[in-house]
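# Survey of secondary and tertiary structure
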Amino acid sequence: VINGLMSRDDWQLAIKLPVGCLPGGSGNALCCAINYSAGEPVLHNLLLHSTFILIKHRVIPMDLVLIQTPTERLYSFLSVSWGIIADIDLESEKYRSIGEARFTFGALKRIIEMNVKKETEFLTAAAEENEIQIEQEVTVATKILGQPVPAPLLTSLDQPVPDNWISFEDDFVTITAVYQTHLGSDMLASPESRINDGFIYLIIIRSGISRNALLSLFMSFDEGKHVDSPDVEIIRCLAFRMEPKEGNIMVDGEHIDLSPIQGQVLPGLSRLMAIQ
């Protein structure tokens, strides 16, 4: 829906159409984030409480993230994941018949089978929020309908990132860029995220973590306690670039081709039916 609105010639008007959300899938991450923001339950009667929010809603801004690959330009509302989180998301598709339990089953299966010491060259870079400022009202940057959304923080993927970005190359178990609180009802991935705080949160787990420690991390995701683990790094940023050499990439839970990928937050660009 979001990408459909953004593909229109009059996208600047269309994207202001308020979007409401009821849970109908196995993850329902956006519904969970909306309920969490409103102080409503996430783990019980999600449909009931999501309906209540729609009845009582206000129209609030929601951040989007412009995603660029060498061949695609997407608008994301939830996350970009690479590594074990993306693998679990993709491989558990075959277990959709068991509902959200597919993620738990998929995680257990993947952790048992994975080689957590596998070496993978990977470069990532981030523009930290205290180093770079962008316009908080993206829509004022262009007044002509049909023009692409400006992304002043991003350079071409075949060019180096700007000098004031931080860059690091290492082996990783997962890197996930998150901009909502939840990736599922039992996965409070980014407790500090807000629907319109204007930030991307990079959740990073480097290689070398033991299988038992990784399992413990996944067991603590439901309450967001993984953020306190010394094995988890979180970088709050405005833009990012990842250059994986192998593995899967998922954008909002959908698989895309493996390639370099980058994104920049577009603060408050869309509109959401929610309570905040």
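This write-up is about the structure you can find in this document. (Residues numbered from 1 in each chain as written. Predicted model: local features only at pLDDT ≥ 70, side-chain atom pairs only at ≥ 80, totals over all residues. Heavy atoms only, no water.)

## A word on unusual backbone geometry
What is expected of a backbone is that most residues other than glycine have negative phi and most peptide bonds are trans. Phi is positive for N28, close to 55°, though the residue is something other than glycine. Mapped onto the elements of the fold, N28 is located in the loop between α2 (11–14) and α3 (29–38). If you check the backbone angles, N45 has positive phi at about 50° while not being a glycine. Mapped onto the elements of the fold, N45 is located in the loop between α3 and α4 (46–56). Taking the relative accessible area as the measure of exposure, N45 reaches 54% and is therefore exposed. (Helix = DSSP H or I, 4+ residues; strand = E, 2+ residues; numbered from the N terminus. Buried < 20%, exposed > 50% of the residue type's maximum accessible area, 1.4 Å probe, protein only.)

## What about empty space enclosed by the protein?
Evaluated as defined, the whole model comprises one cavity of 30 Å³ or more. Estimated volume of the largest cavity: approximately 40 Å³. As for the largest cavity, its lining consists of G20, C21, C31, I34, N35, S50, I53, L54 and M273. Among the secondary structure elements, those contributing two or more residues to the lining of the largest cavity are α3 and α4. (1 Å grid on protein atoms, 1.4 Å probe; cavity = no way out; pocket = protein on both sides within 12 Å on 5 of 7 lines; lining within 4 Å. Points joined across faces, edges and corners; volume = space filled by probe spheres on them.)

## Some words on the side chain of D252
Residue position: D252 is located in the loop between β9 (249–251) and β10 (254–256). For D252, the side chain forms a polar contact with the main-chain nitrogen of L78, separated by 3.0 Å. Discounting residues that sit within four places of it in the chain, D252 has contacts with Y75, S76, F77, L78 and S79. (Polar contact = N/O pair within 3.5 Å; in protein donor to acceptor, adjacent residues only side chain to side chain. Contact = heavy atoms within 4.5 Å.)

So far we have only geometry, and geometry alone does not tell us how the molecule works.
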